[in-house]
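Fold and geometry: a report
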Amino acid sequence: DFNEQCPYSLSPVSIKSQKLLRSPRKATRKISKIPFKVLDAPELQDDFYLNLVDWSAQNVLAVGLGSCVYLWSACTSQVTRLCDLSCDSNTITSVSWSERGHQLAVGTQHGYVTVWDVAASKQVNKLQGHSARVGALAWNGDVLSSGSRDRLILQRDTRTPGQVPERRLVGHRQEVCGLKWSPDNQYLASGGNDNRLYVWNQHSASPVHSYSEHMAAVKAIAWSPHHHGLLASGGGTADRCIRFWNTLTGQPMQCVDTGSQVCNLAWSKHSSELVSTHGYSQNQILVWKYPSLTQVAKLTGHSYRVLYLALSPDGEAIVTGAGDETLRFWNVFSKARSQKENKSVLNLFTNIR
């Protein structure tokens, strides 16, 4: 049975296995421990509840610094100032690019949200409605969701904000600090300072899933682009855990204690890996394989909590920001999806879809 082709072989190992043992080992991917670029970001706030950095599909980085929003082109390295709210005694609390990267939403301390046509450097909308700062924003086509310290999530059509009634999602008992739409734009995940993670659909006024396992604020939220319905979330200083959820069934899945405050999560676009950024006490950046949750890399360099994270449009690089007033660019993900992952049987949801 072992050696049909070589009936006289004394080896208990089959020809196929022998070939496999002789084949060269695939080189493990090396991730550089040092950033390939560092930019100064004066006045970048050290505030866990804000979301002040985002990277557009058109390769432009938006950063909220004090009362201004600056745009940095990754292609030309040119910096432009998009807006300045100092005349309104206001500060920037969140920034978020639309999916195509032509519009930027800006959340503010005073509770209103402005929408900018970036090519024209022109404000096209001002959305009132929140009574406190807006720290979280998430686009779904032309619809913008905003989460505030007033505990509300508002959903508004940016094309006709006056005519189409806003949708109010009431559930969180403290500040909303994380908001992410699923890749198919059907579900919105929200995290709050009340340690709750909620999943909302397009129609219901109450959440379809409510998770209370985290023991601290939930700012870090990321939907997997590879496994339909898979959601990852991370908890603050008293929790330190990254948890995974099957939102199709509502079931909790894996959980890993990272040892420090989880500030952000992002999945690789090309492979089943994710990156997490951390605060107290190590200020580190970790790259994980999923579903094994083995650590691929640990990157350090920030001297403050790594509160901000954005993924490059090609999916290879990340930018991180911290209260040390620096933005650091790291190459963490490989671009090509491996053959093995293409044929992976680890996708837990293909059978349900």
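In the block above lies the structure referred to throughout.
These lines cover the structure that appears in this document, whether it is placed above or below. This structure is a prediction, so every number in the text was calculated from the model and none was measured.

Time to look at the side chain of Asp54. With respect to the secondary-structure elements, Asp54 resides in strand 2 (residues 53-55). Although Asp54 is buried, it forms no salt bridge, and the closest oppositely charged side chain is Lys180 at an N-O distance of 7.8 Å. A polar contact is formed between the side chain of Asp54 and the backbone nitrogen of Trp97, at a distance of 2.8 Å. Excluding residues within four positions of it along the chain, Asp54 makes contact with Val60, Leu61, Ala62, Val95, Ser96, Trp97 and Ala310.

Structurally, the position occupied by Cys263 is in strand 22 (residues 262-267). Sequence-distant contacts of Cys263, that is, excluding residues within four places in its chain, are made with Phe48, Lys219, Ala220, Thr277, His278, Gly279, Val306 and Leu307.

All right, on to the sheet that holds strand 20 (residues 241-246) then. Ordered by their spatial adjacency, four strands build an open sheet running 18-19-20-21, and the pairing between neighbours is antiparallel. Bordering the open sheet on either side are strand 18 (218-223) and strand 21 (251-257), each of which pairs with just one other strand. Adjacent strand axes in the sheet meet at a mean angle of 20°, parallel and antiparallel pairs treated alike. Relative to strand 21, strand 20 runs antiparallel, the two sharing five bridges. For Trp245, the partnering residue across the bridge sits in strand 21 and is Pro252.

What counts, and where the lines are drawn
- Residues numbered from 1 in each chain as written.
- Predicted model: local features only at pLDDT ≥ 70, side-chain atom pairs only at ≥ 80, totals over all residues.
- Heavy atoms only, no water.
- Helix = DSSP H or I, 4+ residues; strand = E, 2+ residues; numbered from the N terminus.
- Buried < 20%, exposed > 50% of the residue type's maximum accessible area, 1.4 Å probe, protein only.
- Lys, Arg positive; Asp, Glu negative; His and termini not counted.
- Salt bridge = Lys/Arg side-chain N within 4 Å of Asp/Glu carboxyl O.
- Polar contact = N/O pair within 3.5 Å; in protein donor to acceptor, adjacent residues only side chain to side chain.
- Contact = heavy atoms within 4.5 Å.
- Pairing = 2+ DSSP bridges.
- Axes fitted to C-alpha atoms, helices over the stretch in contact; angles between N-to-C directions.

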